[in-house]
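Survey of secondary and tertiary structure
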Amino acid sequence: NLQQRMKVHRSKTGADTLNLSGQLLTGIPERLTENHAKRSGVLALSYVLDVDLSVNALTALPAEFVYGLDDVIRLDLSHNILTDVDSLKAGLQALRILNLDSNALQRLPEDIGQLGAMEKLSFSNNRISRVPASVGKMRDLQLLYCINNVIDEVVPGALEGLSKLAELEIQNNKLRRLPDELDG
């Protein structure tokens, strides 16, 4: 039963974790949305730091879900069929690790840089064609993985403010030249 598997548990690292990986979910369970929180007075994710929704069949990420993720530092949405993640920027100021690998994304939100605490951003194996300029606002970003997309442009300035960037994996794309920030 999904209700039993939705329980939050303490991981080996001490973080509260919600792991719904591989549950064949096509949508976010109502229990995990803002609407449920308002009705019940209890927000299911209020103390969760790690959310794993990988290996499901999610097509969308409703803003009502993102509402309760204020303290989440790791969000794994890999191996779904998401086409849009615009709702991510709302209320995720603590997010440090975001995995969007292997979805059906064609673009990242233009203002994804609002996720200012981000340290690792991975969106490999999608259909994304450009890296938006706002990525450069992620001053703490250390790891950026965007392998196997159709990226033909890294918007000028997108990597300029990334002084902590230690690893950029951008192979198997359609880039014809390196961004000016990397061409040294």
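Everything below is about the structure printed above this text.
Here's a quick rundown of the structure. (Residues numbered from 1 in each chain as written. Predicted model: local features only at pLDDT ≥ 70, side-chain atom pairs only at ≥ 80, totals over all residues. Heavy atoms only, no water.)

1. What about the overall build of the protein chain?
The condition is simple: For helices the rule is a DSSP run of H or I covering at least 4 residues; for strands it is a run of E covering at least 2, with both sets numbered from the N terminus onward. The buried label goes to any residue with under 20% of its type's maximum accessible area, the exposed label to any with over 50%, and the partly exposed label to all in between, with areas taken from a 1.4 Å probe on protein chains only. What makes two residues a contact is simply this: any of their non-hydrogen atoms within 4.5 Å.
What the protein chain contains, in helices and strands, is three helices and ten strands. Secondary structure elements of the protein chain occur, N-terminal to C-terminal, as α-β-β-α-β-α-β-β-β-β-β-β-β. Within the span of the protein chain, comprising 184 residues, buried residues form 44% of the whole. The long-range share in the protein chain, meaning contacts at least 24 apart out of those at least 6 apart in sequence, stands at 40%.

2. Side note on the side chain of Asn173
Quick reminder of the rule: Here a polar contact is recorded for every N or O atom pair within 3.5 Å, except that within protein the pair must consist of a potential hydrogen donor and a potential acceptor, and residues adjacent in sequence are included only if both atoms are side-chain atoms.
Topologically, Asn173 is positioned in the segment after β10 (167–169). Among the polar contacts listed, one links the side chain of Asn173 to the backbone nitrogen of Val150, at a separation of 3.4 Å. At 3.0 Å, the side chain of Asn173 forms a polar contact with the backbone nitrogen of Ile151. When neighbours within four sequence positions are excluded, Asn173 is seen to be in contact with Cys146, Ile147, Asn148, Asn149, Val150 and Ile151.

3. Comments concerning unusual backbone geometry
Not every positive phi belongs to a glycine, and His79 is a case in point at roughly 60 degrees. Looking at where His79 falls in the secondary structure, it is placed in the loop between β4 (74–76) and β5 (97–99). Of note, Ser102 is a non-glycine position whose phi angle comes to about 55 degrees, a positive value. Overall, the relative accessible area of 19% leaves Ser102 in the buried class.

4. Observations concerning the nonpolar core
Filter applied, for reference: The nonpolar core is taken to be a set of buried Ala, Val, Leu, Ile, Met, Phe, Trp, Tyr and Cys residues, with the residues joined through side-chain atoms within 4.5 Å.
One finds Leu53, Phe65, Leu88, Leu98, Leu100, Phe123 and Met138 to be the most contacted residues of the largest nonpolar core, which totals 43 residues. Ignoring sequence-local partners within four residues, the contact set of Leu98 consists of Leu75, Leu88, Leu115, Met118, Lys120, Leu121 and Ser122.

5. Focus on the pattern of salt bridges
Applied cut-off: Salt bridge criterion: a side-chain nitrogen from Lys or Arg within 4 Å of a carboxyl oxygen from Asp or Glu.
On inspection of all chains with the given rule, the structure shows nine salt bridges. Its salt-bridge partner being Asp140, residue Lys164 comes within 2.9 Å of it at the nearest N-O pair. With a gap of 24 residues between them, Lys164 in the loop between β9 (153–154) and β10 and Asp140 in the loop between β7 (130–131) and β8 (143–145) connect regions that are remote in the sequence. Accessibility expressed as a relative area gives 44% for Lys164, which makes it partly exposed. By relative accessible area, which is 26% here, Asp140 ends up partly exposed. Through salt bridges that share partners, Asp50, Asp52, Arg74 and Asp76 make up one connected network.

6. Section: the environment of Leu95
In this fold, Leu95 is placed in the loop between β4 and β5. Separated by 24 residues in the primary sequence, Leu95 and Glu119 place their C-alpha atoms 8.4 Å from one another. If sequence neighbours within four positions are ignored, Leu95 has contacts with Val72, Ile73, Arg74, Leu75, Leu115, Ala117 and Met118.

7. Remarks on the environment of Gln23
In this structure, Gln23 sits in the loop between β2 (16–19) and α2 (34–40). Taking C-alpha positions, Gln23 is 8.8 Å from Ser54, a pair spaced 31 residues apart along the chain.

8. Here we look at the environment of Ile112
Looking at the secondary structure, you find Ile112 in the loop between β5 and β6 (120–122). Sequence separation between Ile112 and Leu88 is 24 residues; the distance between their C-alpha atoms is 7.9 Å.

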